[in-house]
Structures are given as C-alpha cells and as structure tokens.
Amino acid sequence: MIDLIIRNAGQILTCTVPDEDPPYAGALQGELGITEGGVEIHKGRIVAVGPEAGQGRAHRIINAQGGVVLPGFVDCHTHAVFAGNRAEELEERARGVSYEEITRRGGGILSSVRALRAASDKELGQAVMRHLDAFLDMGTTTIEAKSGYGLSIEDEIRSLKALGRRHPVEVVRTCLAGHTVPEEFADQREAYVNLVCKRILPTVAEEGLADYCDVFCEKGVFSFEEAQQMLEAGKAVGLRPRIHADQLRRTGGCRIACRVGAITADHIEYASRGDAVAMKEAGVIGVLLPAANHVLDQAQRPATRMMIPCGLPLALGTDFNPGTAPTQSMPLTIHLAVVRFQMSVAEAIVAATINAACAVERQGRIGSLEPEKQADVILCDIDDYHGLGYWFGRNPVHTVIKKGKVVVEG
C-alpha cells in the first residue's frame, strides 16, 4: 500500500519540462509543467503525479481541496547563522544614512560579527533551529546557508557546525569567510586574505563542513583581485565557488564568476548584457535577491527582461540575514520578484524551485515533482498559481511534506 496520497489538487506545478534538462532559461524559465489530480508518495519518494495518480488506497490521504501543489521551495542564498539583529539600521536607512556609512561607523556586517563571536555554541544552535523552523513553515524544504559572521577560524567553524544540526530543512553549507575584513585586520587586509586562503578554507574543507566558498566582491569590501584569489583558493581544496556580485555598483563580480567556474553569481543588480551572455556561456546561474533590494530601497534593479531572453537561467533566494533581508519567506520573495524585478509569477516559481535546486546542485533529487524524486511537496490555499505572486503579508502554505513525511500541517 502507498504511504501517502495527495488528492484533488486544482493545479500541480511539476516544475519540469519533458526532454529538457534544468536549469531552465529563456522561454522555459516560465514553464511550470502544470497538471492536476494527485501525487503518490512511497518510502520518501514520488511514485506518480497527475490525473491518474492518487486513485488507490494509502496509509494516509490528504485532500488538497482544489488548491495548488508544488515542490518545496529551495532557498539558494541565506545567511542563516547569526546572533541578535540589526533592527536599528532599518530606521537609520529610513533617515537617509547609507549602507556604506553604517558600515563605516562599525555597523553592518561588523556589528553581526561582534554579536556572533559573543554568542555561545548553544545560543547559535538555538538561533539556527528557530530560523529553520520559520523556513519550514513558509514552505522551504532546502536552503543554502552561509557562514560569514565569524571571520576567524574558530568562529567560522562554530558557525558551520551550528548549521549542521538535524532538522527537516536540508542545509547546504557555504563558507563565506570572505564576507568582509574583520576589525582586528583593519590595517592588514593582505594578512586576512592570506588567512582565508591558507588556513580557514583548507580547514573547512578538511573537516567537511561546507560544499561551497563565497566572497563579497564590492568596493570597500573585497576587490576583484582579492575575490578571485579567495575563490581560487577555495576551489583548490574542493569548495565550489559562489560570489556576491555587482550588487551596489559594477565591480566585475559576474566576470569573476565566469573565470573561476562559479555555480552562481548572486545579487547582480548591475550586471550588463555582456555579463549575462558570459554567465550563460560559462554555466553560471544568476541568483536574484529581491528582499535585500527592497530593504535597501535600491533604485538599481537586475535587468531580468534582458537576462531571460539572453538565456541566463535565474534562481531566487531570500538572502535571509540580520541586516538587509530579515525574512525567511519564499512566497514574499516571489511577490517581490514580480513587483520589483518584473518577473512573471511562473518565472519566479521556477526560479524558487527547480532552478534554485540547480543552484545548489541538487536538481537530480529535489526542485520538481517527478517519479523517483524525493518527496518534498507543499500545499497552498490558493486556487491558481498566480496567487503566489499576488497575495503578500500572509503565508499561503498550509502543509509541508519533507522526504515523504508531513512536517507542517495547517
């Protein structure tokens, strides 16, 4: 007997295109593979999807009541391990203080570094578990999560270990020791870059604490040359590169992504058509982070209506962090991608599921609803997928299934 059946779905978004391999780009960026009917799940795997599925017996049956069923969201860019918050910075920016000025005053990332270093292992672990609970409630079943508020060997390791705790949300870990130069190295930039390259990244790789490395390439943070040096060092010890690229100004981060063979270039507000074409040809996925763009109230926004026709595959993440994106909601992220970044709802959903799975190299297992794939499924109380981009301020997800088990039930 089948373990679990979902019946009476008004729309099932399989997020797959027959005979096409993801990530999906161009016209396929908006193909949702819509069907209806049911989903059959057994031993943690999907066994059937569509009109003929779900007609038999099962140990448990869930009535979707005409709602929308889709893959669990994959949030491919988060900073989920931190202590405290930076709520006061939101008001400072509202009064006209720039992100750069807040950083010069010792706020921003450095403020979070001080808070994390002062937190105990127990406090960090408890914070991570609270954050993961919130992700799960919003329908996110897999996240990529970065360190980057430790910026020492000890505190980067503590951060990555905190992200390794058992939870229904799967966590793909990234070492972001290249987040900024810590205060104790303020006059020794080269020494800190060498510390990252020669000690932090090799130690993280040796202990198996991360799959990826990342760096924030930005004026006043890390230069083009420094970013490339750190990413190459990570790559040399088996950590696949990612990069925070061209967010606040054009710094060449997208081109570094192409040079080092990065899996993603993230933010990309200032990416040009040439950058988009180069990333497409290099196999780099563009990760859009509209919540950060919204909180920073940036006038510059990624040129998605140029990027998609260029054939650049796009993914979405919350950028969950204590300073510029304090949200774990992928439904809100989809809404913001539609309103601020001019994506269609279908394009944004693909970006939040199968393309995001590609951005963490798990597309063979998660991100779409297909037979043999892991049964990560969410049910929403909307009767049409457009509601995911339309409604905001509430959570449309009422049931979350992870590896075939119901882990959230509304």
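Use the structure listed above.
Please read these numbers as outputs of a predicted model, since none were measured by experiment.

Visitor: Describe the overall build of the protein, with residues and values.
Guide: On a plain count of helices and strands, the protein comes out with 15 helices and 16 strands. Overall, the protein is about 70 × 45 × 45 Å in size when its C-alpha atoms are taken along their principal axes. Counting all 410 residues of the protein, 61% fall into the buried class. By sequence separation, contacts in the protein at least 24 residues apart represent 73% of the contacts at least 6 residues apart. By element, 48% of the accessible surface of the protein is carried by carbon and sulfur atoms, the whole surface being about 15,600 Å². Computing the positive centroid from 43 side-chain charges and the negative centroid from 52, the protein places the two 2 Å apart.

Visitor: So, the pattern of salt bridges: which residues are in play, and what are the values?
Guide: Summed over all chains, the structure comprises 23 salt bridges. Here Glu89 makes a salt bridge to Arg93, at a shortest N to O gap of 3.9 Å. Of this pair, Glu89 and Arg93 both sit in helix α1 (residues 87-94), four residues apart, which is roughly one turn of that helix. For the pair Glu89 and Arg93, one class covers both residues: buried. The network of salt bridges with shared partners includes Arg117, Asp121, Asp155, Arg158 and Glu184.

Visitor: Go over the layout of surface pockets, please, and point to the residues and values.
Guide: Which parts of space are left empty comes out when a probe the size of a water molecule is rolled across the atoms. Roughly 400 Å³ of internal volume is contained in the largest pocket. Thr103, Thr180, Lys219, Gly220 and Val221 are the residues nearest the centre of the largest pocket, which is lined by 18 residues in total. Where the lining of the largest pocket is concerned, the elements lending two or more residues are α2 (99-104) and α3 (109-118). Among the elements that line the lining of the largest pocket, the one with the most residues is α2, at four residues. For the lining of the largest pocket, the residue count by class is eight nonpolar, three polar and seven charged.

Visitor: Lay out helix α12 (residues 330-341) with the relevant residues and their values.
Guide: For α12, a buried count of nine out of twelve residues is recorded, marking the element as mostly surrounded by other parts of the structure. Where α12 is concerned, the buried positions are Met330, Pro331, Thr333, Ile334, His335, Leu336, Ala337, Arg340 and Phe341. N-capping of α12 is provided by Ser329, with a side-chain oxygen placed 3.0 Å from the backbone N of Leu332.

Visitor: Can you explain the sheet that holds strand β9 (residues 212-215)? Please cite residues and give values.
Guide: In spatial order, the strands read β6-β7-β8-β9-β10-β11-β12-β13; together these eight strands make up an open sheet with parallel pairing. The open sheet has two free edges, formed respectively by β6 (73-78) and β13 (314-316), since each of these has just one partner strand. Geometrically, the sheet is characterised by an average inter-axis angle of 25° between neighbouring strands, direction not taken into account.

Visitor: With reference to specific residues and values, describe the nonpolar core.
Guide: Counting residues in each nonpolar core, the largest one holds 102 residues, and the members touching the most others are Leu70, Phe73, Tyr192, Ile200, Ile243, Ile268 and Ile349. Looking at which element gives the most residues to this core, the answer is helix α6 (residues 189-206), with eight residues. Residues in contact with Ile268, not counting those within four places in the same chain, are Ala245, Asp246, Cys254, Met279, Gly286, Val287, Leu288, Pro302 and Met307.

Visitor: Just give me the short version of the environment of Glu190, but keep the residues and values in it.
Guide: As for its position among the elements, Glu190 is in helix α6. In this structure Glu190 comes out as exposed when scored by relative accessible area, which is 61%. In this structure the C-alpha to C-alpha distance between Glu190 and Glu226, which are 36 residues apart in sequence, comes to 8.6 Å.

Visitor: Please provide a residue-by-residue account of unusual backbone geometry, values included.
Guide: Note the cis peptide between Pro22 and Pro23, where omega equals 5°. If you trace the backbone, Pro23 turns up in the loop between β1 (2-13) and β2 (34-42). Here Cys15, not a glycine, exhibits a phi torsion of approximately 55°, which is positive. Within the secondary structure, Cys15 is located in the loop between β1 and β2. Judged by relative accessible area, which is 0%, Cys15 ranks as buried.

Visitor: Mind laying out the packing of aromatic side chains, listing which residues take part and the relevant values?
Guide: In this structure the tally under the stated criterion is five aromatic pairs. An angle of 90° between the planes, with centres 5.4 Å apart, marks the rings of Phe135 and Phe320 as edge-to-face. Remark: Phe320 occurs in the loop between β13 and α12 and Phe135 occurs in helix α4 (residues 121-137); sequence separation between them is 185 residues. Phe135 gets classed as buried once you look at its relative accessible area, which sits at 0%. Since its relative accessible area comes to 4%, Phe320 is described here as buried. Arranged with centres 5.4 Å apart and planes meeting at 55°, the rings of Phe185 and Tyr192 form a pair that is tilted. By relative accessible area, which is 17% here, Phe185 ends up buried.

Visitor: Describe helix α7 (residues 224-236), and please don't skip the residues or the numbers.
Guide: The end-to-end C-alpha distance of α7, which contains 13 residues, comes to 18 Å, matching closely the 18 Å that a straight helix rising 1.5 Å per residue would cover. Listing the buried residues of α7 in full gives Glu226, Ala227, Gln228, Met230, Leu231, Ala233 and Gly234. Its buried side turned inward, α7 meets β8 (170-178), α6, β9, β10 (240-245) and α8 (253-260). A positive backbone phi angle near 95° is found at Gly238, which sits one or two residues after α7.

Here is what the cut-offs are and how they apply
- Residues numbered from 1 in each chain as written.
- Predicted model: local features only at pLDDT ≥ 70, side-chain atom pairs only at ≥ 80, totals over all residues.
- Heavy atoms only, no water.
- Helix = DSSP H or I, 4+ residues; strand = E, 2+ residues; numbered from the N terminus.
- Buried < 20%, exposed > 50% of the residue type's maximum accessible area, 1.4 Å probe, protein only.
- Contact = heavy atoms within 4.5 Å.
- Areas by Shrake-Rupley, 256 points an atom, 1.4 Å probe, with all protein chains shown as cover.
- Lys, Arg positive; Asp, Glu negative; His and termini not counted.
- Charge placed at Lys NZ, Arg CZ, Asp CG, Glu CD.
- Salt bridge = Lys/Arg side-chain N within 4 Å of Asp/Glu carboxyl O.
- 1 Å grid on protein atoms, 1.4 Å probe; cavity = no way out; pocket = protein on both sides within 12 Å on 5 of 7 lines; lining within 4 Å.
- Points joined across faces, edges and corners; volume = space filled by probe spheres on them.
- Nonpolar A, V, L, I, M, F, W, Y, C, P; charged D, E, K, R; others polar.
- Polar contact = N/O pair within 3.5 Å; in protein donor to acceptor, adjacent residues only side chain to side chain.
- Pairing = 2+ DSSP bridges.
- Axes fitted to C-alpha atoms, helices over the stretch in contact; angles between N-to-C directions.
- Core = buried A, V, L, I, M, F, W, Y, C linked by side-chain atoms within 4.5 Å.
- Phe/Tyr/Trp six-rings, centres within 6.5 Å; stacked < 30°, edge-to-face > 60°.
- Expected span 1.5 Å × (residues − 1).

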